[in-house]
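What the coordinates show
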Amino acid sequence: MSVVTDVSAGAVPEGFREEIRDWLIANCPAEMRTQMSEADLVWGGKRPTYPSPEGKVWLERMAARGYNAPTWPTRFGGAELASAAARILEEEMTALNCRPALKSFGLTMLAPVLMEFGSEEQKLRFLPQIARGETRWCQGFSEPGAGSDLASLATRAVRDGDSIILNGHKVWTSYADRSDWMYCLVRTDPSLPKHKGISLILVDLASPGIRTEPIRLISGASIFCETFLEDVRVPVENVVGELGQGWQIAKRLLEFERASIAKGFAEGSNPTAGLEAAARARGPAALPQYLRERVARCAVNDRAMGLTQLRFAQEGTGLSAQQASVMKYLRGQFNQDRWEAQILLGGPQTLVAAPDGSGYCDEARNWLRSRGNTIEGGTNEIQLNIIAKRVLGLP
Amino acid sequence: MMTEMELAATSEEQLLAETAAGFFAEHSPPAAVRSQRGMVDQGPCYRDMWRQMAGLGLTGPMTAETLGGSDLGIRAVGLIAEAAGRSLAATPFAASGVLAPMLLSAVRRQNVDERLRALSAGELLYAVAAADHDQLSFGSDNRLSGTLEFVADAPQCDRLLVVVPKSAAAGIIFDIPRNMAGLGIEPVRLVDARDYGRVTLEISDASAFVVVDEEDSQDLIAQTKTLLEICVAAEALGGTIASFEATLAYVKDRTQFGVAIGSFQALQHRLAHLYCAIELTRSMVRAASCAAEVHAAEAAELACAAMALAVDLFLVTAKEAIQMHGGLGMTDESDVGFFLKRAQALACLHGSQEEHFNRYAGLRGF
C-alpha cells in the first residue's frame, strides 16, 4: 500500500505545542484568523493578488519559518519538522482559526513527485520557490482527446539539441492564465506503447508559443483554461525523472491530487453547517418532512465522511492511495447532494438569473459547479474502477 | 470535538474482536440459522452459548470487575455486537450483556449485585422492554398494565426490565421476575428465526419492583436508547460486512461467459460503492461507541446517525448479495437470504432510515 503523505519520523520537542501557539498568536494577523471564502485564498506566484495586505504579511511570515511546507528539509524551503510536529502545527492553526497562508498546486501535487523523482538540481531550483509561494504552478494533463483515458494524450514533444519542442492542446488547466509554470505530460516517443512514451516536463509559461483561454462552464466563469502550445521550446533538463517515466510519475501525482481534493473537502469542520442553519431558520412547521430528511441525510453523510477521514488518519501513518479514492468518490457525491438540497430548500428564488444573463446567484452557481465534483480529478467511475481492482482485488 | 475521538481500535480491542469473531464462527455461523429455525417453541438455544461467552469474558463489558464483569466499556460492546452480527449469531448480548448490566449498575441496592454477578457469569438472562408512550400505564394506584409487542429475548428470560416513560426524557424502571403473576410472555417467531415476546402486564401493585424512579431516570433512559442503538447498528455493520465479503468471494469464483462474473464492470462498480458505504458506516458506528464511552453530549446524535446508516446499508447489501448470487441467492441452500431476513427484522423493529433521519434533524434542532 503506497502512502501519500510524507512521514518523517522523529520526536516532538517538549513544549513544542506551546511554542507554536505563541508564535501563531504573535505572528498571525487578526484578519487572517477569521472565516474565509474561496475568494480569500492566497495563491502566491510572480503576479500575486492578496485579498488584504495582511494576507501578504501572513504568507511572508509563514514562508520565512518554512511553515508552508513544514516537513520539508530547510534547504528546500521547509522547516524540517517531524510529521507529528507538523500535525501539531496544523492542529494549532485550526484551533486558532488561522487561515492557510498559501494555497498551491505546486505544494500539494508537484512537490511530492519532485521529491520522489526529481534531480537534486530541480529540487533546489523549484522547491524553495514553491515553499515560499513565489511561483504558481498549474497542471497540463488532460487534452480534448484524453480525459479518463489520460494515457492516450497526444501533445508532441520532439528533441532538438538541448531542447524539447512542444506542440499540442491542453484542457482543464486550472488557473493557467494566472500561473507562472506548468507541469505537463507530453508524448516523447510515439513509437512506444501509449503508457511508455510519456514524459513529465516543466514548462515556463512565459515561453513564446503559449496561449491560454478561459473555459466558460455551465455555472458561468471558471478557473479552468485551455492552453495551446505551438513550437514551445523547453530545456531538456526540465524533464522530471527519465524520459518515458512520465506515466508512472503522473499516476503518483494523481494520487496526491485525490488526497488533496479529499482533504480539501474535509478541512471545513462541518460542511453542512450552512444547510443545517438554513433548515433551522425555516422553522420546523414550515419545513416539509422530505426536506428535513434530505438535509439530515446530507448532514449525516458529511459527518460520517469527516469521521472516516479521521479514522483513516488514526489507523495508518497517512492516507493511502486507495483511501484517497474512497474519499474522493464519496465527497464528490455528498457535495452534489448538499448543493441540491440547498436549492430545494431555497426554492425557485435560488434559480433567478441576472437580467443580462451574466450570472446566477451563489446557490445556483455552486449547485451547477458541483456537477463537476464527480468528474474532475478522475471521474467517479474511474475511482470505482480503482477501488474494484486495487482494494477488492476484482479481475 | 472530533480530534479527541480515538476511532482506531487498539491492539487489545483488535484481539477482543478477533476472539469474539472466532467464537461466533465456531459456535454460531450463519448456517446455524438453518437448524435454529426448526426448533419452534424452543427458540435459539443460546443459554449454553451464553455461558461459554461468559468464560471468554464477553458477557460483562458493562459490569465492574468486582462483580465478575470485564468492565471493558462501550467500545468493546460495539466490537462484540459487530462480531455477533457477522455470524448472525443469536445471542442475548444486547439485553443481558449490555442494557441490563448498565441499568442495574446504576441501581445501588444489595440484591442487585447478586443479579449482576449472575449476569456476568452467564447464569441469568434478562429481557429489556422499553415502552413507548401510552403502551403501558403506571398510575397512582401502582397498577402496571399494558401490552408490548416484539420484545427481543423475552421468551427465554429469567427477569424482565420494563422501562415506562413518564415524559420526554424521564420514566420509571421495573425489574420483574419471569414467574410473577400478571406477567405474560407469549413467544413470537419472525423471519430472522429469532424469538420475540408479546409481553402483557397486569400487575396490581408493581411498586415493589421499581428499581429506578422518575427523578433518577433521566440520563438512564437516554443512555438505554443510545446503547441499544449502538448494539443494533454494530450488529447491522457486522452483518453488512459478512454478506459483502461472501458476495465478493462469490463473484470472484463464479464464472459465466467463460470469465469470473466479478470481471464485469456492472458488478464491480456496485461492489466498490458498497465498500465505500461500509467504510463510512464503520466510522459512524465506531464514533457512536467512542462518544458514548466518554459520555459525550453528541453520543445520542451519533448513535442515531449510526442507526440511519447501518441498518439501511445492511438491507441494501443483503439485497445486492442475493442479486449477485443470482439464482443460487434465492435458494435456501445459500446463507445470504438469512442476512436479508435479519436486516429486514432490524429495520422493522428499530425504525426505517427516514425515521432516523427525522430524529437526527430533531436532535440537531431543525
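For the structure itself, look to the data block above.
Presented here is a report on the structure given in the accompanying data block. (Residues numbered from 1 in each chain as written. Chains lettered and ligands numbered in written order. Predicted model: local features only at pLDDT ≥ 70, side-chain atom pairs only at ≥ 80, totals over all residues. Heavy atoms only, no water.)

Comments concerning the overall build of chain B
Within chain B, the secondary structure is distributed over twelve helices and ten strands. Here chain B holds 366 residues, and the buried ones make up 57% of them. For chain B, long-range pairs separated by at least 24 residues make up 74% of all intrachain contacts whose partners lie at least 6 apart in sequence. When the accessible surface of chain B is split by element, carbon and sulfur atoms take 51% of a total near 14,600 Å². (Helix = DSSP H or I, 4+ residues; strand = E, 2+ residues; numbered from the N terminus. Buried < 20%, exposed > 50% of the residue type's maximum accessible area, 1.4 Å probe, protein only. Contact = heavy atoms within 4.5 Å. Areas by Shrake-Rupley, 256 points an atom, 1.4 Å probe, with all protein chains shown as cover.)

As for unusual backbone geometry
Positive phi, close to 60°, is recorded for W172(A), a residue that is not glycine. By secondary structure assignment, the location of W172(A) is in the loop between β3 (163–171) and β4 (181–187). With a phi angle near 55°, H295(B) is a residue other than glycine that sits in the positive phi range.

Quick look at a nonpolar patch on the surface
Together, F257(B), V259(B) and F264(B) make up an exposed nonpolar region whose accessible area comes to about 320 Å². On the secondary structure map, F257(B) appears in the loop between β9 (255–256) and β10 (259–260). (Patch = residues over 30% accessible without salt bridge, like charges linked within 9 Å, V, L, I, M, F, W, Y side chains within 5 Å. Salt bridge = Lys/Arg side-chain N within 4 Å of Asp/Glu carboxyl O.)

A closer look at the sheet that holds strand β5 (residues 171–177) of chain B
Residues and elements named next belong to chain B. Reading across from one edge, β1-β4-β5-β8 is the order of the four strands in this open sheet, with mixed pairing throughout. If you trace the sheet from one side to the other, it starts and ends with β1 (126–130) and β8 (210–212), each paired once. In this sheet, adjacent strand axes meet at a mean angle of 25° when their direction is disregarded. (Pairing = 2+ DSSP bridges. Axes fitted to C-alpha atoms, helices over the stretch in contact; angles between N-to-C directions.)

With respect to the pattern of salt bridges
Any two side chains of opposite charge can pair, so long as their charged atoms come close to each other. Under the criterion given, the structure shown has 44 salt bridges over all chains. For R21(A), the salt bridge is made with E92(A), and the minimal N-O distance between the two is 2.8 Å. Placement of the pair is R21(A) in helix α1 (residues 16–27) and E92(A) in helix α3 (residues 83–95), with a sequence separation of 71 residues. Given the relative accessible area of 31%, R21(A) is considered partly exposed. The class of E92(A) is buried, set by a relative accessible area of 5%. Where E320(B) meets R270(B), a salt bridge forms, and the shortest distance between an N and an O atom there is 2.8 Å. Of this pair, E320(B) sits in helix α9 (residues 299–325) while R270(B) sits in helix α8 (residues 265–293), and the two are 50 residues apart along the sequence. With a relative accessible area of 29%, R270(B) lands in the partly exposed category. When salt bridges that share partners are traced, they join E276(A), R303(A), E298(B), E301(B) and R364(B) into one network.

Considering the side chain of E298(B)
Mapped onto the fold, E298(B) is located in the loop between α8 and α9. Using a relative accessible area of 15% as the deciding quantity, one classes E298(B) as buried.

Considerations on a negative patch on the surface
Residues E14(A), E18(A), E19(A) and D22(A) make up a contiguous surface patch of negative charge. Within the secondary structure, E19(A) sits in helix α1. (Lys, Arg positive; Asp, Glu negative; His and termini not counted. Charge placed at Lys NZ, Arg CZ, Asp CG, Glu CD.)

Some details on the packing of aromatic side chains
Residue and element names in this part refer to chain A. Taken as a whole and assessed by the stated rule, the structure comprises 14 aromatic pairs over all chains. Their ring planes at 70° and their centres at 5.2 Å tell us that W43 and F105 sit as a pair that is edge-to-face. Pair noted here: W43 is in the loop between α1 and α2 (53–65) and F105 is in helix α4 (residues 105–117), with a separation of 62 residues, a long-range link. Judged by centre distance (6.4 Å) and plane angle (35°), the rings of W137 and Y183 are tilted. In this pair, W137 sits in strand β1 (residues 137–140) while Y183 sits in strand β4, placing the two residues 46 residues apart along the sequence. Each of the two residues, W137 as well as Y183, counts as buried. Here the aromatic residues F126, W137, F141, W181 and Y183 are joined through ring pairs into a cluster of three or more. (Phe/Tyr/Trp six-rings, centres within 6.5 Å; stacked < 30°, edge-to-face > 60°.)

Remarks on the interface of chain A and chain B
Each side of the interface is counted separately: chain A has 41 residues, and chain B has 42 residues. In total, about 3,800 Å² of surface goes out of reach between chain A and chain B, with carbon and sulfur atoms giving 64% of it. Our count for the contact surface shared by chain A and chain B stands at four salt bridges. Residue R364(B) is joined to E276(A) by a salt bridge in which the shortest nitrogen-to-oxygen separation is 2.8 Å. For the pair chain A and chain B, the interface holds 21 residue pairs in polar contact (both at pLDDT 80 or more). Of all the elements in the fold, those that place two or more residues in the side of chain A that touches chain B are α7 (273–282), α8 (289–315), α9 (321–346) and α11 (380–391) of chain A. Along the lines of polarity and charge, the residues of the side of chain A that touches chain B split into 22 nonpolar, nine polar and ten charged. (Buried area = accessible area lost by both parts, 1.4 Å probe. Polar contact = N/O pair within 3.5 Å; in protein donor to acceptor, adjacent residues only side chain to side chain. Nonpolar A, V, L, I, M, F, W, Y, C, P; charged D, E, K, R; others polar.)

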